[in-house]
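Descriptive structure summary
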Amino acid sequence: MADRYIEVSLVKRQVHCTAKLLDDRAPITCAAVWDALPLANDVYHAKYARNEIYALFPAFASSEPPLENPTVTPIPGDLCYFAFSGTELGTQAYGYDRDVRPGTTVVDLALFYERNNLLLNGDVGWVPGIVWGQVVEGLDAMAEACNDLWRAGALGESLSFRRME
């Protein structure tokens, strides 16, 4: 299989980076994400994991991928996939209580842009993510935009994933 690439963008800020899909390490997750593209939604900056931005989506795979190529210590440029039940995220502590409902599955697609990340949640403990992509170009500009998002706010900003063919 030829290498596959996607563009990850902060739409309002007009900043993007290029990521290579890790088909050799997370083939089921890569196939699920690739088949669902393009995807875009409101962006959030992590509260617990530190240097992470992410967007939430309704489940899009026919069945959730297994935990392939897992990590609890993502590095700069990692794209991670998480699946949560609505009861895990549908609380005021996370701020999604208006949008996320029990009985649903929510997919979190995340970009880690700097070092020293730890996927440990005070409510549930370790939260391993599936590393399905790695940024290969444009991480410095994206990290600068992510820091701006942290300081200036995420309101009105979208995180977008699209194929590069």
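Residues numbered from 1 in each chain as written. Predicted model: local features only at pLDDT ≥ 70, side-chain atom pairs only at ≥ 80, totals over all residues. Heavy atoms only, no water.

Section: helix α3 (residues 139–152)
Put simply, the test is: Only DSSP runs of H or I with at least four residues qualify as helices, and only runs of E with at least two residues qualify as strands; both kinds are numbered from the N terminus onward. Multiplying 1.5 Å by the helix residue count minus one yields the expected span of that helix. The buried label goes to any residue with under 20% of its type's maximum accessible area, the exposed label to any with over 50%, and the partly exposed label to all in between, with areas taken from a 1.4 Å probe on protein chains only. What the arc measures is the spread of directions leading from the helix axis to the C-beta atoms. Any pair of residues with heavy atoms lying within 4.5 Å of one another is described as a contacting pair.
The terminal C-alpha atoms of α3 lie 19 Å apart, and with 14 residues this matches the ideal 20 Å at 1.5 Å per residue to within 8%. Among the residues of α3, L139, M142, A143, A145, C146 and L149 are the ones counted as buried. Here the buried residues of α3 occupy an arc of 165° about the axis, which is enough to place them on one side. Along α3, the residues that are exposed and aim more than 90 degrees away from the buried face are D140, E144, R151 and A152. Residues of α3 that are buried in the fold lie against β1 (5–10), β2 (15–21), β3 (39–45), β4 (52–58), β7 (105–112) and β10 (129–137). Positive phi shows up at G153, right after α3, with a value of about 110°.

As for the pattern of salt bridges
Under the convention used in this document: When a carboxyl oxygen of Asp or Glu is within 4 Å of a side-chain nitrogen of Lys or Arg, the pair counts as a salt bridge.
Tallied over the full model, the rule gives five salt bridges. Across the pair R4 and D23 runs a salt bridge, and its minimum N-O distance is 2.5 Å. Of this pair, R4 sits in the segment before β1 while D23 sits in the loop between β2 and α1 (27–36); the two residues are 19 residues apart in sequence, bridging distant segments of the chain. Take R4 and D23: they sit in the same class, and that class is buried. Residue R13 pairs with E157 through a salt bridge whose shortest N-O separation is 2.9 Å. Of this pair, R13 sits in the loop between β1 and β2 while E157 sits in the loop between α3 and β11 (158–164); the two residues are 144 residues apart in sequence, bridging distant segments of the chain. Given a relative accessible area of 1%, E157 falls into the buried group.

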